[in-house]
Amino acid sequence: MVNKTVLEHAQFLDKNDELASYRELFHIPKDKNGNNWIYLCGNSLGLQPKSVKKYINQELEDWKNLGVEGHFEAKKPWMPYHEFLTESMAKVVGAKPIEVVVMNTLTTNLHLAMVSFYKPTKKKFKIVIESDAFPSDRYAVESQLKFHGFDPVNGLIEWKPRVGEELLRIDDLRQIIADQGDEIALLMIGGVNYYTGQFFDLKKIAALGHSINAKVGIDLAHGVGNIQPNLHDANVDFAVWCTYKYLNSGPGSLGGLFIHEKYANDITLNRFTGWWGHNKNTRFNMRHDFDPIPGAEGWQLSNPPILSMAAINASLDIFNEVGMDKLREKSIKLTGYLEFLLSQFGEDIIRIITPKNPEKRGCQLSIQVINADKSLHRKLMDAHVICDWREPDVIRVAPIPLYNSFEDVFNMVEVLKGILNE
Ligand SMILES: *Cc1c(COP(=O)(O)O)cnc(C)c1O
């Protein structure tokens, strides 16, 4: 039995939502009866903008009609194609265009950035990560330690929640810095933790790292397109992200790299190099010594896959039109609404582990349903409420301000209520 007045309230919120029409720009998957799924999983894989097809078709047409000439003659020439993405991407992450490039995938970019910014010495070699860092980040960091001849067991410092807590406290990071600062070479932190949804104060983290002469890198997989990280002002040294989550650019699409402007012309940094990072004017002379393009572009290795870039282009055009400020404004309301509805179950039934303060989270709420197991998630999925399950007992729900409605959120909570009442 649907609570009619609450449903009407959700519909009222949708009617007054300035961004409501953007939902029409996306393909929402449907069930057999033609009903929309309640898709709250854009933190894992964003939905497809309808415009993607047109953007990709343009490249297929140009390839068909122009062959290799498409590098210069395509409507959007392939040679500089990545440059068409830079300005919009820079806005999304609060960076200057020279600080940003779209290339490779997240974990590859993380390794490339660590080649440049993780320069351990015998005494100063440790890396700080969150204790529940995303597995790929942990593997990458551990392998960098090993690559430099260090044992990850004592080379890795975990920033942990206190006993009985899930969230991390900046004071505990401060303590790590105070105790082991001399030995720490790098802080590698997820800007928005993938598990709890906690959004860290990046400026504070950067300042803490720099106070002991360590470098600071941020993984923005769950931040980009979700919160505004203001990377330039935060003064982090580097950041990496993917574009298939909140940036809706398709499965396995390319990643992004931020290198702070202060390194734009720094040729003393180590780097693994490739021809696409070389001075554009002499790139095709083929025999020059490596002459890096200033800024993040100088970290490129290869000529990029244009079909994926076209999808990113389509998506970024939408972000550019809306702007992160408006998106974030709606996101705070939409997630707040979800939080409000979930709070009515009571804390003895549903616990939200994500921070309560909207400034310390993005759109995702990580919820624990007391005594639930994975079958709850199965039932939600069977009812076409798409969200994800993380062991041991967390359901991550992410209402996406670009395409989710208040009614989606209402319907999700109704389905959950129905399952729990069974
Ligand atoms: C999704 C995600 C990744 C994925 O890395 P890929 O290289 O794109 O496969 C890495 N780190 C975090 C924190 C993630 O959330």
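Residues numbered from 1 in each chain as written. Predicted model: local features only at pLDDT ≥ 70, side-chain atom pairs only at ≥ 80, totals over all residues. Heavy atoms only, no water.

An unreviewed UniProt entry annotates the chain as Kynureninase originating from Urechidicola croceus. The UniProt entry for the chain carries the following comment under Subunit (unreviewed entry): "Homodimer." The annotation that UniProt attaches to the chain under Sequence similarities (unreviewed entry) is "Belongs to the kynureninase family." (UniProt positions renumbered as here; feature names shortened; annotations may be inferred.)

Teacher, can you tell me more about the overall build of the chain here?
Tallying secondary structure elements over the chain gives 14 helices and 13 strands in all. Computed over C-alpha atoms, the radius of gyration of the chain comes to 22 Å, within 12% of the 22 Å expected from 2.2 N^0.38 for 422 residues, which places it in the range of a compact globule. Considering only C-alpha atoms, the chain reaches an extent of 70 × 60 × 30 Å along its principal axes. Here the chain holds 422 residues, and 55% of them are scored as buried. Taking the contacts inside the chain whose residues are at least 6 apart along the sequence as the reference set, 70% of them involve residues at least 24 apart. For the chain, the computed accessible surface area is about 19,000 Å², with 52% contributed by carbon and sulfur atoms. Where the 47 positive side-chain charges of the chain centre and where its 53 negative ones centre are 1 Å apart. (Helix = DSSP H or I, 4+ residues; strand = E, 2+ residues; numbered from the N terminus. Rg over C-alpha atoms; globule rule 2.2 N^0.38 Å. Buried < 20%, exposed > 50% of the residue type's maximum accessible area, 1.4 Å probe, protein only. Contact = heavy atoms within 4.5 Å. Areas by Shrake-Rupley, 256 points an atom, 1.4 Å probe, with all protein chains shown as cover. Lys, Arg positive; Asp, Glu negative; His and termini not counted. Charge placed at Lys NZ, Arg CZ, Asp CG, Glu CD.)

Mind showing me how you'd approach the pattern of salt bridges here?
Side chains carrying opposite charge are able to pair once their charged atoms draw close together. With the rule as written, the count across this model stands at 24 salt bridges. Between Arg351 and Glu166 there is a salt bridge, and its shortest N-O distance comes to 3.0 Å. With Arg351 in strand β9 (residues 350-352) and Glu166 in the loop between β4 (156-159) and α8 (170-180), this residue pair connects regions lying 185 residues apart in the sequence. Note that Lys280 and Glu297 form a salt bridge whose closest N and O atoms lie 2.7 Å from each other. Residue Lys280 is found in the loop between β8 (255-259) and α11 (306-322), and its partner Glu297 is found in the loop between β8 and α11; the two are separated by 17 residues along the sequence. (Salt bridge = Lys/Arg side-chain N within 4 Å of Asp/Glu carboxyl O.)

Can you walk me through the sheet that holds strand β3 (residues 126-130) in this structure?
Strand pairing within a sheet occurs via backbone hydrogen bonds; the two strands may be parallel or antiparallel. With mixed pairing, the 7 strands of this open sheet are ordered in space as β2-β8-β7-β6-β5-β3-β4. In the strand order of this sheet, the two ends are held by β2 (100-103) and β4, each with one partner. The average angle at which neighbouring strand axes cross in this sheet is 20°, direction not considered. One ladder, built from 3 bridges, connects β3 with strand β5 (residues 184-190); its direction is parallel. Directly across from Lys126, in β5, lies its bridge partner Ile184. On top of the sheet, α8 reaches β3, β4 and β5; it is set at about 150° to β4, its chief contact. Where helix α9 (residues 202-211) meets the sheet, it contacts β4, β5 and β6 (215-219), and its direction lies at approximately 150° from that of β6. (Pairing = 2+ DSSP bridges. Axes fitted to C-alpha atoms, helices over the stretch in contact; angles between N-to-C directions.)

What's the story with the site of the ligand in this structure? I'm lost.
What surrounds the ligand is the set Leu106, Thr107, Phe134, Asp137, Asp219, Ala221, His222, Tyr244 and Lys245. The separation between a nitrogen atom of the ligand and a polar side-chain atom of Asp137 is 2.8 Å. Measuring from an oxygen atom of the ligand, one finds a side-chain N or O atom of Lys245 at 2.5 Å. The protein chains hide 83% of the 390 Å² of surface that the ligand would expose on its own. Residue composition of the shell around the ligand, grouped by class: 4 nonpolar, 2 polar and 3 charged. (Near = heavy atom within 4 Å. Polar contact = N/O pair within 3.5 Å; in protein donor to acceptor, adjacent residues only side chain to side chain. Nonpolar A, V, L, I, M, F, W, Y, C, P; charged D, E, K, R; others polar.)

Just to check I follow, could you spell out the UniProt feature "binding site: pyridoxal 5'-phosphate" (unreviewed entry) in the chain for this structure?
Mapped onto this numbering, the UniProt entry annotates "binding site: pyridoxal 5'-phosphate" (unreviewed entry) at Leu106, Thr107, Phe134, Pro135, Ser136, Asp137, Asp219, His222, Tyr244, Trp275 and Asn303. Maximum C-alpha separation among the annotated residues is 30.9 Å over a sequence range of 198 residues, too wide for a single clustered spot. Relative to the assigned elements, Leu106 resides in helix α5 (residues 106-117). Judged by its relative accessible area of 9%, Leu106 falls in the buried class. What Leu106 contacts, discounting residues up to four positions off in sequence, is Asp219, Ala221, Val240, Trp241, Cys242 and Gly255. Tracing the backbone shows Tyr244 in the loop between β7 (238-242) and β8. Assessed through its relative accessible area of 23%, Tyr244 is described here as partly exposed. Contacts of Tyr244, omitting those with residues within four sequence positions, involve Ser44, Leu45, Gly46, Ser249, Gly250, Pro251, Gly252 and Ser253.

Explain the UniProt feature "modified residue: N6-(pyridoxal phosphate)lysine" (unreviewed entry) in the chain to me, please; I cannot follow it from the model alone.
Mapped onto this numbering, the UniProt entry gives "modified residue: N6-(pyridoxal phosphate)lysine" (unreviewed entry) at Lys245. With relative accessibility at 8%, the residue Lys245 sits in the buried group. Once you skip the residues sitting within four places of it in the chain, Lys245 turns out to touch Gly42, Asn43, Ser44, Leu45, Gly46, Ala221 and His222.

When you look at the pairing of strand β13 (residues 394-397) in this model, what are you seeing that I'm missing?
When a strand is regular, its side chains alternate between the sheet's two faces. Side chains Val394 and Arg396 of β13 all project onto a buried face; the interleaved residues Ile395 and Val397 project onto the opposite face, where all are buried too. Bridge count for strand β12 (residues 388-390) against β13 is 3 bridges, and the pairing is antiparallel. The residue of β13 that forms the bridge with Trp389 is Ile395. Linking two consecutive strands that pair antiparallel, namely β12 and β13, is a turn of 3 residues.

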